[in-house]
Amino acid sequence: MTDQTLIILGASGDLTARLLLPGLGALLTAGHVPGLTLIGAATDDWDDARWRQRVHDSFGAHGASAAAESAGQRPPATYTAPAASDVADRARWVRTDVTDPDDLRRLLGEVHGSAVIFFALPPAVTAKACEALLGVDLPAGTRLVLEKPFGTGSASAAELNALLSRLVPEEQVHRVDHFLGKSTVLNILGLRFANRIFEPVLDAMHVESVEIVFDENLALEGRAGYYDKAGALADMIQSHLLQILALITMEAPFTMAAAEFRDRKADVLRATRLWDDPATSSLRARYTAGDLDGRKLPDYADEPGVDAARGTETLAEIVLAVDTWRWAGVPFRLRSGKAVGDSRKEAVITFKRPPRVPDGLHGCDQPDRLRIGFGPDHLAIDFNINGPGDPFELDPVTLEADFGQGDLPPYGEVLRGVFSDDPTLSVRADTAEQCWRIVEPVIEAWHSGAVPLREYPAGSSGPTLPLPR
Ligand code: NDP
């Protein structure tokens, strides 16, 4: 493998310290990316020593456990193998204004081998940095890694895509959705396409509804700067949960080659739309003061840095239809909330009842369910059997499996794809635009006030929409 240089633009920021560097540390510790040079860049007046300390800290226990907390799954670990320490010891800091082509030229002059440029910048600055890069010669094979949110709607995503296409070919653009680096999310593929028993019943004939839920105990946790401008719909549903929907609904690709896999995902997302009018198929709400796990949480509107007038939702829910031959008629509920009492992170596929349960079998009436948990990683199947006791009385049972996590945290998995030039786990240009197209009617209805902003006390389970029948 040729030597590579990872340039992090926005290296003094939160994403770099909490998620990106711990992911990189895990990747290096696992023996990937030999010969990596790491360069940090931002306008801060740091030097190599200060940046190296940041890298060491984030590779170490502190960074790893912070990332774990945020990802809601991984136990504390240290990524301080010699290979990781060596990269940290040689890391360079180049003070850079990423909107200035001269600064960028100087920065790229430091590249050794091929280059990976990670935009860990505020979204508006990312667009300006891409414009500035138009005036700079990029080393051959340079890969560009972009964070969410990718644009603010389908038009701005298309503009950013057009800009990126002038810099490098699409295969060299990696739009990060770190949920696609989560082991359970990837397990959906194995579960569906490497078994005979599930796939034949995953269709409208057998499935009543699908829920993809990411409700968390975490509240704002000091992240108003980012979150108050994003909200639950853009932060979770437009990005991560739609990717999960695509994995649950896509047809099997012939191979896992990036082009085929991404084509199959794109097909179902193009067929996905809001179930009905935003007034009945979307819900937005914001938490008020309440108790959560013994903590007293303030009203979201009173959190430091929040502009209450913006009306940002901390809980969003939408109901979607997937108009394919396989799924037409099945409602998909996508939901995510902060400061919710019951932390629930799972996809639940609820099956239709049997056409008839023989007279005489009695006592239990729960629908069959396949539940895929995203933290902790978990799989469960709920169904009915004749349990002990009365032989004709039905009992509900659950078959459960906990499976270990992958070797790498999600950002490690994402970076592995980038360094090995494999865009399979990144979001393609057309898909990024489709994901905005799907939620745009909701955004417009919310802006116009057609859907009121509801409230829920922190620690409660929050409101929900009735599923269409
Ligand atoms: P921060 O505000 O914490 O960091 C932004 C970084 O960009 C800082 O290092 C800042 O340094 C730098 N920067 C800003 N303007 C310039 C400039 N003109 N030239 C060079 N550097 C500049 O943001 P986050 O790290 O939280 O987020 C970064 C990206 O990651 C965003 O797109 C966000 O949406 C995304 N993201 C963040 C997550 C998180 O948990 N934080 C999770 C998922 C995605 P300085 O201003 O000093 O130069």
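Residues numbered from 1 in each chain as written. Predicted model: local features only at pLDDT ≥ 70, side-chain atom pairs only at ≥ 80, totals over all residues.

Some details on the overall build of the protein
Let me state the cut-off plainly: The secondary structure listing takes helices from DSSP runs of H or I that are at least 4 residues long and strands from runs of E that are at least 2 residues long, numbered from the N terminus. Two things to know: the radius of gyration comes from C-alpha atoms, and the globule rule equals 2.2 Å times the number of residues to the power 0.38. Note on burial: count the other C-beta atoms lying within 10 Å of the residue's C-beta; 20 or more is buried, 12 or fewer is exposed, in between is partly exposed, and C-beta positions come from the backbone. Once C-beta atoms have been placed from the backbone, residue pairs whose C-beta atoms lie within 7 Å are recorded as contacts.
Helices and strands together make up the secondary structure of the protein, namely 13 helices and 18 strands. Relative to the 2.2 N^0.38 estimate, which gives 23 Å for 469 residues, the radius of gyration of the protein is 23 Å and therefore close to what a compact globule would have. Along the longest, intermediate and shortest principal axes, the C-alpha atoms of the protein span 80 × 50 × 45 Å. Classification of the 469 residues of the protein by burial places 41% in the buried group. Restricting the contact set of the protein to residue pairs at least 6 apart, pairs at least 24 apart contribute 79%.

Points about the site of the ligand
Going by this rule: As a rule, any residue with its backbone-derived C-beta atom within 6 Å of a molecule or strand is reported as near that molecule or strand. For this scheme, ten residues count as nonpolar: Ala, Val, Leu, Ile, Met, Phe, Trp, Tyr, Cys and Pro. Four count as charged, namely Asp, Glu, Lys and Arg, and the remainder, Gly too, count as polar.
Around the ligand there are 25 residues in total, and Gly10, Gly13, Asp14, Leu15 and Thr43 lie nearest to it. Of all elements in the fold, only helix H1 (14–29) and helix H6 (123–133) reach the threshold of two or more residues within the shell around the ligand. Per-element accounting of the shell around the ligand gives the leading share, five residues, to H1. Here the shell around the ligand is composed, by residue class, of twelve nonpolar, seven polar and six charged.

Notes on the packing of helix H10 (residues 258–270) against helix H13 (residues 429–448)
Condition: Helix axes are fitted to C-alpha atoms over the stretch in contact, other axes to C-alpha atoms as well, and angles between N-to-C directions run from 0 to 180 degrees. Here roughly perpendicular refers to angles of 65 to 115 degrees, roughly parallel to angles under 35, roughly antiparallel to angles over 145, and oblique to all remaining angles. Rotating anticlockwise by less than a right angle from the far helix to the near helix defines a left-handed crossing, while the corresponding clockwise rotation defines a right-handed one.
The interhelical angle for the contact between H10 and H13, taken along N-to-C directions, is 20°, at an axis separation of 10 Å. One way to sum up the angle between H10 and H13 is to call them roughly parallel. As H10 packs across H13, the resulting crossing turns out to be left-handed. Counted together, Arg262, Lys265, Ala266, Leu269 and Arg270 of H10 and Asp430, Thr431, Gln434 and Cys435 of H13 form the full contact between these two elements. When grouped by side-chain class, the residues that make up the contact of H10 with H13 number three nonpolar, two polar and four charged.

Notes on the domain arrangement of the protein
The criterion, for reference: Residue ranges labeled as domains rest on an automatic or database domain assignment.
Considered domain by domain, the protein is made up of domain 1 (4–147) and domain 2 (180–407 + 428–457). Measuring from the centre of the C-alpha atoms in domain 1 to the corresponding centre in domain 2 gives 32 Å.

With respect to the nonpolar core
One broad trend across soluble globular proteins is that nonpolar side chains are buried collectively. Keep this limit in mind: Here a nonpolar core is just a set of buried residues of the types Ala, Val, Leu, Ile, Met, Phe, Trp, Tyr and Cys, joined wherever their C-beta atoms sit within 7 Å.
With 118 residues, the main nonpolar core has Ile7, Leu9, Ala41, Phe118 and Ile237 as its most contacted residues. Domain assignment of the residues forming this core places at least three in each of domain 1 (4–147) and domain 2 (180–407 + 428–457). With near-sequence residues (within four places) excluded, Phe118 lies in contact with Leu6, Ile7, Ile8, Leu9, Leu20 and Val145.

Details of the sheet that holds strand E5 (residues 143–146)
Selection rule: At least two bridges found by DSSP between two strands are what make those strands a pair.
Taking strand neighbours across the sheet as the criterion, the six strands line up as E3-E2-E1-E4-E5-E6 in an open arrangement whose pairing is parallel. Edge positions in the sheet fall to strand E3 (92–95) and strand E6 (173–175), since each of these pairs with one other strand and no more. Looking at each pair of strands side by side, their axes are set apart by 20° on average, direction ignored. Pairing analysis gives four bridges linking strand E4 (residues 114–119) to E5, with the strands arranged parallel.

Let's talk about H6
Going by this rule: Arc, as used here, means the arc of the directions from the helix axis to the C-beta atoms.
For H6, the complete set of buried residues consists of Thr126, Ala129 and Leu133. The buried side chains of H6 occupy one side of the element, clustering within an arc of 65° when seen end-on. Buried residues along H6 sit in contact with strand E1 (4–9), helix H5 (101–108), E4 and E5.

Some points on the UniProt feature "domain: Glucose-6-phosphate dehydrogenase C-terminal" (unreviewed entry) in the protein
What counts, and what does not: UniProt positions are given in the numbering used here, feature names are shortened, and annotations may be inferred rather than shown by experiment.
This chain's UniProt record puts "domain: Glucose-6-phosphate dehydrogenase C-terminal" (unreviewed entry) on residues 191–464. For the annotated span residues 191–464, helix accounts for 28% and strand for 28% of the residues, and the straight-line distance between the end C-alpha atoms is 29 Å.

Notes on unusual backbone geometry
With an omega dihedral of -5°, the bond running from Lys148 to Pro149 counts as a cis peptide bond. As for its placement among the helices and strands, Pro149 is situated in the loop between E5 and helix H7 (154–165). Of note in this structure, Val33 is not a glycine but carries a positive phi near 50°. Structurally, the position occupied by Val33 is in the loop between H1 and strand E2 (36–42). Assessed through the 22 C-beta atoms surrounding it within 10 Å, Val33 is described here as buried. The backbone of Glu221 shows a phi angle near 50°, a positive value even though the residue is not glycine. Considering the arrangement of structural elements, one finds Glu221 in the loop between strand E7 (207–215) and helix H9 (224–249).

Points about the packing of H7 against H13
When two helices pack together, their arrangement is given by the angle between their axes and by how far apart the axes lie. Contact pair H7 / H13: the axes reach a minimum separation of 8 Å and the direction vectors enclose 170°. As far as their axial angle goes, H13 and H7 are roughly antiparallel. Where H7 approaches H13, its residues Ser154, Ala157, Ala158 and Asn161 are matched on the opposing element by Ala429, Ala432, Glu433, Trp436, Arg437 and Glu440. Here the contact of H7 with H13 is composed, by residue class, of five nonpolar, two polar and three charged.

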